[in-house]
Amino acid sequence: MKVLICADTKTAIQRAAGLMTACLREKPTAVFGLATGATMEPLYSEWIATARTEDLSFAHMRTFNLDEYVGLTATHPQSYHHYMHELLFSRVDIDPTNTHLPNGAAPDPATEAEAYEQAIRTAGGIDLQLLGIGHNGHIGFNEPTSSLCSRTRVKTLTQSTLEANAKHFDPGETPPRFAITMGIGTILEARACILLATGSAKADAVMRMIEGPLSAACPASALQLHPAATIILDPDAAARLHLRDYHQLVHPEGREPVLNSPICSRREAAR
Ligand code: F6R
């Protein structure tokens, strides 16, 4: 696990965007696993801006999002389809047929989840998986006690996730209780992972992910098993790490982070 503690939130976002851009530059046909949520909003803007400065095209990349709410159509303003359209897909030259999210409105969500898992396999697997982390340690919508080898499936959301998400829905609207999410086993098969966490509300979950025991009680701790996971933090999200000084010694400010990934070239690794 590579832990990068950045000087501030802006730098953390820039570092994550820099790694996404490097992957796109090295492999224009890369398969990206994408996430949603408040943390990702500035990252998508930064990624678009960074790629533009290099004149990089998104036309050939393929994307698979982590999750979608069961019961929401793609046009629902709180659906992750809508989120991705607004924040990324409509702003770059990506081919819409290359973008994938689970269909939350599918008549049989369990069958939809299996088909989604198969579609990821058919695409050759995910090159770079982007992740956020929930206050309770979830990744995707793999809530605490999710099997560490789970595959894409329907999950019931915890009360804390429902409460965290409720603010996005209109008053009087009941947020969905279920979601289709990539499993932890699915996520761990990505060739490289980047998890971005910012803000003090994530400090406890971040500490449990990095230093806590490997446990289904903190699904993100499964990233301890991943051979190429890069965790990018701002100071507030890193505040509870006992080994903060060690991580800063290994990856001091100003040093260009590199992904330990087969998709990054030697040139990138030598920087
Ligand atoms: C959503 C997802 C979730 C979020 C997490 C953090 O696709 O994968 O795991 O990353 O809930 O969300 P924010 O950034 O809103 O705190």
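Starting from 1, residues in each chain are numbered consecutively following that chain's sequence as written. This being a predicted model, a pLDDT of at least 70 is required before a residue's local features are given, and a value of 80 or more before pairs of side-chain atoms are given or counted; all residues contribute to the totals for chains, interfaces and linings. No hydrogens and no water enter the side-chain calculation; it runs on all heavy atoms of the structure.

Undergrad: Help me understand the nonpolar core, please; the structure alone is not making it clear to me.
TA: A general tendency of soluble globular proteins is for nonpolar side chains to be buried together. As used in this record, nonpolar core signifies buried Ala, Val, Leu, Ile, Met, Phe, Trp, Tyr and Cys residues forming a set joined through side-chain atoms within 4.5 Å. Between buried and exposed lies partly exposed: a residue is buried under 20% and exposed over 50% of the maximum accessible area for its type, with that area taken using a 1.4 Å probe on protein chains only. Counting 77 residues, the largest nonpolar core has Phe32, Leu34, Tyr44, Trp47, Leu88, Met209 and Leu233 as its most contacted members. The secondary structure listing takes helices from DSSP runs of H or I that are at least 4 residues long and strands from runs of E that are at least 2 residues long, numbered from the N terminus. With eight residues, the single largest contributor to this core is helix 1 (residues 9-26). Contact criterion: two residues are considered in contact whenever any of their non-hydrogen atoms come within 4.5 Å of each other. The residues touching Tyr44, leaving out its near neighbours within four places in the chain, are Leu34, Ala35, Tyr83, Met84, Leu87, Leu88 and Leu130.

Undergrad: Help me understand the site of the ligand in this model?
TA: What surrounds the ligand is a group of 13 residues, the closest being Thr36, Thr39, Asp67, His138 and Lys202. In this structure, Thr39 approaches the ligand through a side-chain N or O atom, which is 2.5 Å from an oxygen atom. Distance and chemistry together define a polar contact, namely a pair of N or O atoms within 3.5 Å, with one atom able to donate a hydrogen and the other to accept it when in protein, and with adjacent residues in sequence counting only for side-chain atoms on both sides. Within the backbone of Gly140, a nitrogen or oxygen atom sits 2.8 Å from an oxygen atom of the ligand. Each accessible area is a Shrake-Rupley result for a 1.4 Å probe, and residues are judged covered by the shown protein chains and nothing else. In isolation the ligand offers 410 Å² of accessible surface; the protein chains occlude 88% of this area. Note on residue classes: Ala, Val, Leu, Ile, Met, Phe, Trp, Tyr, Cys and Pro are nonpolar, Asp, Glu, Lys and Arg are charged, and everything else, Gly too, is polar. Among the residues making up the shell around the ligand, the classes are represented as four nonpolar, seven polar and two charged. It suffices for a single heavy atom of a residue to lie within 4 Å of a molecule or strand for the residue to be listed as near it.

Undergrad: How should I be thinking about the sheet that holds strand 2 (residues 31-34) in this particular structure?
TA: Sheet strands pair via backbone hydrogen bonds, and the direction of the pair is either parallel or antiparallel. In this description, strands pair whenever DSSP reports at least two bridges between them. In spatial order, the strands read 1-10-9-6-2-3-5; together these seven strands make up an open sheet with parallel pairing. Whereas interior strands pair on both sides, the edge strands pair on one side only; in this sheet they are strand 1 (2-5) and strand 5 (99-100). Looking at chain direction, strand 3 (residues 62-65) and strand 5 are connected through two bridges and run parallel. Bridging from a neighbouring strand, Phe64 pairs with His100 of strand 5.

Undergrad: What exactly am I supposed to notice about the sheet that holds strand 8 (residues 178-181) here?
TA: The strand order 4-8-7 describes an open sheet built from three strands, whose pairing is antiparallel. The sheet is open, and its two borders are formed by strand 4 (67-69) and strand 7 (153-156), each paired with just one other strand. Strand-to-strand twist in this sheet, taken as the mean axis angle between neighbours without regard to direction, amounts to 30°. Across three bridges, strand 4 lies against strand 8 in antiparallel orientation. In the sheet register, Tyr69 faces strand 8, and the bridge partner there is Ala179. Whenever a helix is involved, its axis is fitted only over the stretch in contact; in every case the axis is a line through C-alpha atoms, and angles between N-to-C directions fall within 0 to 180 degrees.

Undergrad: Would you explain the pairing of strand 10 (residues 229-233) in this entry?
TA: Within a regular strand, side chains alternate between the sheet's two faces. In terms of residue burial, strand 10 counts as a mostly covered element, since five of its five residues are buried. Neither face of strand 10 is exposed, since Ala229, Ile231 and Leu233 on one face and Thr230 and Ile232 on the opposite face are all buried. Judged from the four bridges that link them, strand 1 and strand 10 form a sheet pairing that is parallel. Looking at the pairing, Val3 lines up with Ile231 of strand 10. Where strand 9 (residues 192-197) lies against strand 10, five bridges are found, and the strand directions are parallel. Across the sheet, the residue bridging to Ile194 is Thr230, located in strand 10. Orienting the strands away from the viewer, one traces the path from the first strand over the helix to the second; a clockwise path indicates a right-handed crossover. Crossover handedness for the path strand 9 to helix 7 (residues 203-210) to strand 10: right-handed.

Undergrad: I keep staring at the packing of helix 1 against helix 2 (residues 40-53) and nothing clicks. Help me out?
TA: How two helices pack is summed up by the angle between their axes together with the distance between the axes. Packing of helix 1 against helix 2 brings their axes to within 9 Å, and their N-to-C directions diverge by 50°. The angle between helix 1 and helix 2 falls in the class oblique. The crossing of helix 1 and helix 2 is right-handed. Where helix 1 abuts helix 2, its residues Ile13, Gln14, Ala16, Ala17, Met20, Thr21 and Leu24 lie against Pro42, Leu43, Glu46, Trp47, Thr50 and Ala51. The scheme is simple: roughly parallel for angles under 35 degrees, roughly antiparallel for over 145, roughly perpendicular for 65 to 115, oblique for anything else. Helix crossings fall into two classes, left-handed where the near helix is turned counterclockwise from the far one by less than a right angle and right-handed where it is turned clockwise.

Undergrad: Which parts of the structure should I look at to understand the packing of aromatic side chains?
TA: Within a pair of aromatic rings, the relevant descriptors are the distance that separates the centres and the angle that separates the planes. Between 30 and 60 degrees the pair is tilted, below 30 it is stacked and above 60 it is edge-to-face, where a pair is any two Phe, Tyr or Trp rings, Trp via its six-membered ring, whose centres lie within 6.5 Å. All chains considered together, the criterion is met by nine aromatic pairs. Taking 5.8 Å as the distance between ring centres and 75° as the angle between the ring planes, the aromatic pair formed by Tyr69 and Phe169 counts as edge-to-face. Of the two residues, Tyr69 sits in strand 4 while Phe169 sits in the loop between helix 5 (159-166) and strand 8, which places them 100 residues apart along the sequence. Judged by its relative accessible area of 3%, Tyr69 falls in the buried class. Both rings, one in Tyr80 and one in Tyr83, keep their centres 6.4 Å apart while their planes meet at 70°; by these two values the pair is edge-to-face. Of this pair, Tyr80 and Tyr83 both sit in helix 3 (residues 80-87), three residues apart, which is roughly one turn of the helix. Cluster of aromatic residues (ring-pair linked, three or more members): Tyr44, Tyr69, Tyr80, Tyr83, Phe141 and Phe169.

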